[in-house]
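Given next are the chains, with one letter for each unit.
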Amino acid sequence: MSDTEIPPRKKPMKYIFVTGGVVSSLGKGLAAASLGTLLEHRGLNVLLQKFDPYLNVDPGTMSPYQHGEVYVLNDGAETDLDLGHYERFTNCNLSQLNSLSSGQVFERVISKERRGDYLGKTVQYIPHVTDEIKDHINEVTHQNPEVDMLITEIGGTVGDMEGTIFLEALRQFALDVGKENVCFIHMTLLPMIKAAGEIKTKPTQQSVAKLREIGIIPDIIVCRTEHDLDEANRHKIAMFCNVRASNVVAFRDVKHTIYDCPLDLRRDKLDRLVCETLHLETPSPELEDWQSFVQKVAHPQHEVFIAVVGKYIELQDAYKSVYESLTIAGASNDTRVNIVRIDSEEIQLKGAEETIGLVHGILIPGGFGERGAEGKILAAQYARENNIPFFGICLGMQIATIEFARNVCNLEGAHSTEMERECAHPVICLQEEQEGISDMGATMRLGASESILCAGTKSYDLYGQNDRITERHRHRYEVNPDYTEQLQEAGLTIAAVSAEGGLVEIVEITDHPFYVAAQFHPEFKSKPNRPHPLFDGFVSASVSYRHR
Ligand code: GLN
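Residues numbered from 1 in each chain as written. Predicted model: local features only at pLDDT ≥ 70, side-chain atom pairs only at ≥ 80, totals over all residues. Heavy atoms only, no water.

**Quick look at the nonpolar core**
- One finds Ile 16, Leu 39, Ile 185 and Val 274 to be the most contacted residues of the largest nonpolar core, which totals 77 residues.
- Not counting the four nearest positions on each side in its chain, Ile 16 is found in contact with Leu 35, Leu 39, Met 149, Leu 150, Ile 151, Thr 152, Cys 183, Ile 185, Val 274 and Leu 278.
- In terms of nonpolar packing, the next biggest core, distinct from the first, is built from 43 residues, Tyr 382, Ala 400, Cys 409 and Tyr 515 among them. (Core = buried A, V, L, I, M, F, W, Y, C linked by side-chain atoms within 4.5 Å. Buried < 20%, exposed > 50% of the residue type's maximum accessible area, 1.4 Å probe, protein only. Contact = heavy atoms within 4.5 Å.)

**Digging into the environment of Gln 398**
- As for its position among the elements, Gln 398 is in helix α16 (residues 395-407).
- For Gln 398, a relative accessible area of 3% puts it in the buried group.
- Spatially, the C-alpha atoms of Gln 398 and Ile 377 are 9.6 Å apart, while their sequence positions differ by 21 residues.
- If we skip the residues at most four places from it in the chain, Gln 398 touches Glu 418, Ile 428, His 475, Tyr 477 and Gln 519. (Helix = DSSP H or I, 4+ residues; strand = E, 2+ residues; numbered from the N terminus.)

**Regarding helix α5 (residues 125-143)**
- Counted at 1.5 Å a residue, the expected span for α5 with its 19 residues is 27 Å, and the 26 Å between its end C-alpha atoms agrees.
- Largest kink in α5: about 25°, centred on Asp 131.
- For α5, the set of buried residues is His 128, Val 129, Thr 130, Glu 132, Ile 133, Lys 134, His 136, Ile 137, Val 140 and Thr 141.
- Packed against the buried residues of α5 are β1 (14-20), β2 (46-52), β5 (99-101), α4 (102-115), β6 (149-154) and α6 (164-177). (Expected span 1.5 Å × (residues − 1). Bend = angle between axes of the 7 residues up to and from the residue.)

**Focus on unusual backbone geometry**
- Note that the residue after Ile 126, namely Pro 127, is joined by a cis bond; omega there is 15°.
- Here Pro 127 is to be found in helix α5.
- Here Asn 387, not a glycine, exhibits a phi torsion of approximately 55°, which is positive.
- Its location among the elements puts Asn 387 in the loop between α15 (373-385) and β15 (390-393).

**Observations regarding the environment of Arg 114**
- As for its position among the elements, Arg 114 is in helix α4.
- The spatial distance from the C-alpha of Arg 114 to the C-alpha of Gln 348 is 52 Å, given a sequence separation of 234 residues.

**Things to note about the sheet that holds strand β17 (residues 425-429)**
- One open sheet accounts for three strands, arranged β16-β17-β20; its pairing is mixed. Each edge of the sheet is formed by a strand with only one pairing partner; in this case those strands are β16 (414-416) and β20 (478-479).
- Of the strand pairs in this sheet, β16 and β17 are connected by three bridges, and their pairing is parallel. Following the sheet pairing, Ser 416 is matched in β17 by Ile 428.
- Helix-sheet contacts for α16 involve β16, β17 and β20, and the interaxial angle to β16 is about 165°. (Pairing = 2+ DSSP bridges. Axes fitted to C-alpha atoms, helices over the stretch in contact; angles between N-to-C directions.)

**Overview of the pattern of salt bridges**
- Evaluated as defined, the whole model comprises 36 salt bridges.
- One salt bridge connects Lys 210 with Glu 213, and the closest N-O pair in it is separated by 3.5 Å. Note that Lys 210 and Glu 213 are positioned in helix α7 (residues 202-214) at a spacing of three residues, about one turn of the helix.
- When its relative accessible area of 35% is taken as the criterion, Lys 210 is described as partly exposed.
- Glu 213 gets classed as exposed once you look at its relative accessible area, which sits at 62%.
- Between Arg 371 and Glu 345 there is a salt bridge, with the nearest N and O atoms lying 3.0 Å from each other. Residue Arg 371 is located in the loop between β14 (361-364) and α15, and its partner Glu 345 is located in helix α13 (residues 344-350); the two are separated by 26 residues in the primary sequence. (Salt bridge = Lys/Arg side-chain N within 4 Å of Asp/Glu carboxyl O.)

**So, the site of the ligand**
- The environment of the ligand is formed by Gly 366, Gly 367, Phe 368, Cys 394, Leu 395, Gln 398, Glu 418, Arg 474, His 475, Arg 476, Tyr 477 and His 521.
- Between a nitrogen atom of the ligand and a side-chain N or O atom of His 521, the distance comes to 3.3 Å.
- Expressed as a share of its isolated accessible area of 290 Å², the protein-covered part of the ligand is 99%.
- Broken down by secondary-structure element, the contributors of at least two residues to the shell around the ligand are α16 and β19 (468-475).
- Classifying every residue of the shell around the ligand gives four nonpolar, five polar and three charged. (Near = heavy atom within 4 Å. Polar contact = N/O pair within 3.5 Å; in protein donor to acceptor, adjacent residues only side chain to side chain. Areas by Shrake-Rupley, 256 points an atom, 1.4 Å probe, with all protein chains shown as cover. Nonpolar A, V, L, I, M, F, W, Y, C, P; charged D, E, K, R; others polar.)

**Quick notes on the packing of α15 against α16**
- Remark: α15 packs on α16, axes separated minimally by 9 Å, with the N-to-C direction vectors making an angle of 70°. Taken together, α15 and α16 sit at an angle that is classed as roughly perpendicular. Between α15 and α16, the residues in contact are Ala 373, Glu 374, Lys 376, Ile 377, Ala 380, Gln 381 and Arg 384 and Leu 395, Ile 399, Ala 400, Ile 402, Glu 403, Phe 404, Arg 406 and Asn 407, respectively. (Parallel < 35°, antiparallel > 145°, perpendicular 65-115°, else oblique.)

**Brief notes about the pairing of β6**
- With six of its six residues buried, β6 lies for the most part within the structure.
- Of the two faces of β6, both are covered, the one formed by Met 149, Ile 151 and Glu 153 as well as the one formed by Leu 150, Thr 152 and Ile 154.
- In terms of strand pairing, β1 meets β6 through five bridges, oriented parallel. When the bridges of β6 are listed, Val 18 appears paired with Glu 153.

Next up, the structure:
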């Protein structure tokens, strides 16, 4: 969009900055997202974003062991999984602009320096790097004139050297836009020393002192705590940290589900405190829809066990959006989805019957590389032959295709060229124009694109008989067009193709209770009370399978 097309903003943007102290993994992303939920329910138009102080330009090339899931946005940006929370907890539309790493900031500063943009000046952390960060916030403000509030989560922990430059930029920024437009929220941990039976506030005091050293005085302190926060500790934190006692908010360990978080933060009126700090008058939030969703997650009628077969199964966060999508679809089917995490190499070793013989549904999520592929192929075969609901996503869809080619079309040696370059039947391969490109990012099909659904298929019905859908992608390999006719003749239905290029987007087996596999990533589009149709259909089929 060109500058002239953006209408001027009517009211000043309000800014909330969420920092973290004491330890990492406090659930800052969840707290920021939950605040977004509450503020939206107060009628505000909210946008969330994340600043990450690492030097990678984006997490696209980072290992799941380092980073958990890569969350893909509509515009193809590969981002932190916290952005997944933001999109699930709110209605905001995120873009590349909403994810900023130190790597990006420095990349921009260095290329400006190379271009001579700094006119020969010495290029310094202050003001050049801080200006770059502030310019970024101003750009987001400018690009989103309809947004009332921008919530920015700053990754890392206060006191880390690498995050300090972001905090310095925020300190300056608050002066630039006026303190009445900025709310600093600092999140800390209140550890419980079991032997003494006491909650300790010292780490919070020291972390706030660290923040004040930089020149930032938090308006609100959110304390992550196992239990409730008693009045004595609330007052103690208030006194040492220079805030009112009412501005010390407890963020308790969640009981049933992360979707409880907004309701928990509402107990200490976090949303009202933010609005007061920012001089905004808004009505109290109506949270019935959210409450009823949480109720459905916490106390469902049915229960199913669904195997998720992958190679990063031991990692809590590697398939985050897949797990959340199953929970969300579970709620809409009045069902608790128990996820059974299966390492695909385990299936290779012990066989499918032994490892996944008892589940009510089998899901193979996205992935890269050869390790564990044969185990996934066994899982797909087991689901197909035993009429167990099956859902394949991205690599999971490619695996389903390979399995079908090998065992139904009798194409011995069928594989993906990702796993075996010179295989006898490359049913999954690169498109010709991608061959020979070595830059890891360059060949990926990334972000939202349109597909055409075929009437009469299960997917078409699940999508409410829409023939055009838009879904997000992140992959390099495709179903080889040379084999589609053969696959279809043997009974693999192509239920959707890309609007551009006619590439295979969904395959199904018609003569099966539920065998659907998609080249795109539906898990990035589930929201509470709005399950993704394919997840919804899969969970519903798993419930039917259980009660068959
Ligand atoms: N590795 C496969 C590809 O690049 C699948 C990617 C994925 O599952 N995200 O095409």
